[in-house]
Amino acid sequence: MAVQLTIEFEKLVELVDQLPTEQQQYLVQHITEQSHQRDLTPKERIELLNSTVHDLGEILPDFSFRREDWYSDDGR
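Residues numbered from 1 in each chain as written. Predicted model: local features only at pLDDT ≥ 70, side-chain atom pairs only at ≥ 80, totals over all residues. Heavy atoms only, no water.

**Student:** I would appreciate a short explanation of the overall build of the chain in the present structure.
**Tutor:** Scanning the chain for helices and strands turns up four helices and zero strands. Along the chain, helices and strands appear, N-terminal first, in the series α-α-α-α. Computed over the C-alpha atoms, the radius of gyration of the chain is 24 Å, more than 25% above the 11 Å expected from 2.2 N^0.38 for a compact globule of 76 residues. Dimensions along the principal axes, computed over C-alpha positions, put the chain at roughly 70 × 30 × 25 Å. (Helix = DSSP H or I, 4+ residues; strand = E, 2+ residues; numbered from the N terminus. Rg over C-alpha atoms; globule rule 2.2 N^0.38 Å.)

**Student:** For this particular structure, what's the right way to read the pattern of salt bridges?
**Tutor:** Applying the stated criterion across every chain yields a total of four salt bridges. Ionic pairing is found between E44 and R38, a salt bridge with its closest N-O pair at 2.8 Å. We classify E44 as partly exposed; its relative accessible area is 25%. When the shortest N-O distance is used, the salt bridge between R66 and E68 registers 3.9 Å. Overall, the relative accessible area of 33% leaves E68 in the partly exposed class. (Salt bridge = Lys/Arg side-chain N within 4 Å of Asp/Glu carboxyl O. Buried < 20%, exposed > 50% of the residue type's maximum accessible area, 1.4 Å probe, protein only.)

**Student:** Can you walk me through the confidence of the model for the chain in this structure?
**Tutor:** Low pLDDT means the predicted atomic positions in that stretch should not be read closely. In this model, the chain carries an average pLDDT of 87, and 93% of its residues clear a pLDDT of 70 or more. Within the chain, the element-level pLDDT minimum falls on helix α4 (residues 67–71), averaging 83, and the maximum on helix α1 (residues 9–17), averaging 93. (pLDDT = per-residue confidence, 0-100.)

**Student:** Quick question: what am I supposed to make of the environment of V13 here?
**Tutor:** Relative to the helices and strands, V13 is located in helix α1. With a relative accessible area of 34%, V13 lands in the partly exposed category. Taking the C-alpha atoms as reference points, V13 and D69, 56 residues apart in sequence, are found 53 Å from one another.

**Student:** Is there a simple way to explain the environment of D62 in this structure?
**Tutor:** Among the structural elements, D62 can be located in the loop between α3 (42–50) and α4. Spatially, the C-alpha atoms of D62 and T52 are 27 Å apart, while their sequence positions differ by 10 residues.

**Student:** It is not clear to me how a nonpolar patch on the surface should be interpreted in this structure. Could you clarify?
**Tutor:** On the surface, I59, L60, F63, F65, W70 and Y71 cluster together to form a nonpolar patch covering roughly 780 Å² of accessible area. The topology assignment puts Y71 in helix α4. (Patch = residues over 30% accessible without salt bridge, like charges linked within 9 Å, V, L, I, M, F, W, Y side chains within 5 Å. Areas by Shrake-Rupley, 256 points an atom, 1.4 Å probe, with all protein chains shown as cover.)

**Student:** Explain the side chain of S64 here, please?
**Tutor:** Here S64 lies in the loop between α3 and α4. In terms of polar contacts, S64 uses its side chain to reach the backbone amide nitrogen of R66, at 3.1 Å. Side chain to side chain, S64 and D69 meet in a polar contact 2.5 Å long. If sequence neighbours within four positions are ignored, S64 has contacts with D69 and W70. (Polar contact = N/O pair within 3.5 Å; in protein donor to acceptor, adjacent residues only side chain to side chain. Contact = heavy atoms within 4.5 Å.)

Listed below in structure tokens is the structure:
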């Protein structure tokens, strides 16, 4: 039976916080399974890919892409 309630998101979070840990974990598992039952939109795919990008700052001026500089060998 589907229940249709109008509830603010903040209130929902407060209610979930009151659940026992086991029920919270079950809820997370349930929501995760539900989310995998549909294809991602192009915008969601881009957001997912961008979430894996880490900005490590500027490249140092003396940085070298040469293998020999990294491994101190002659390329063998």
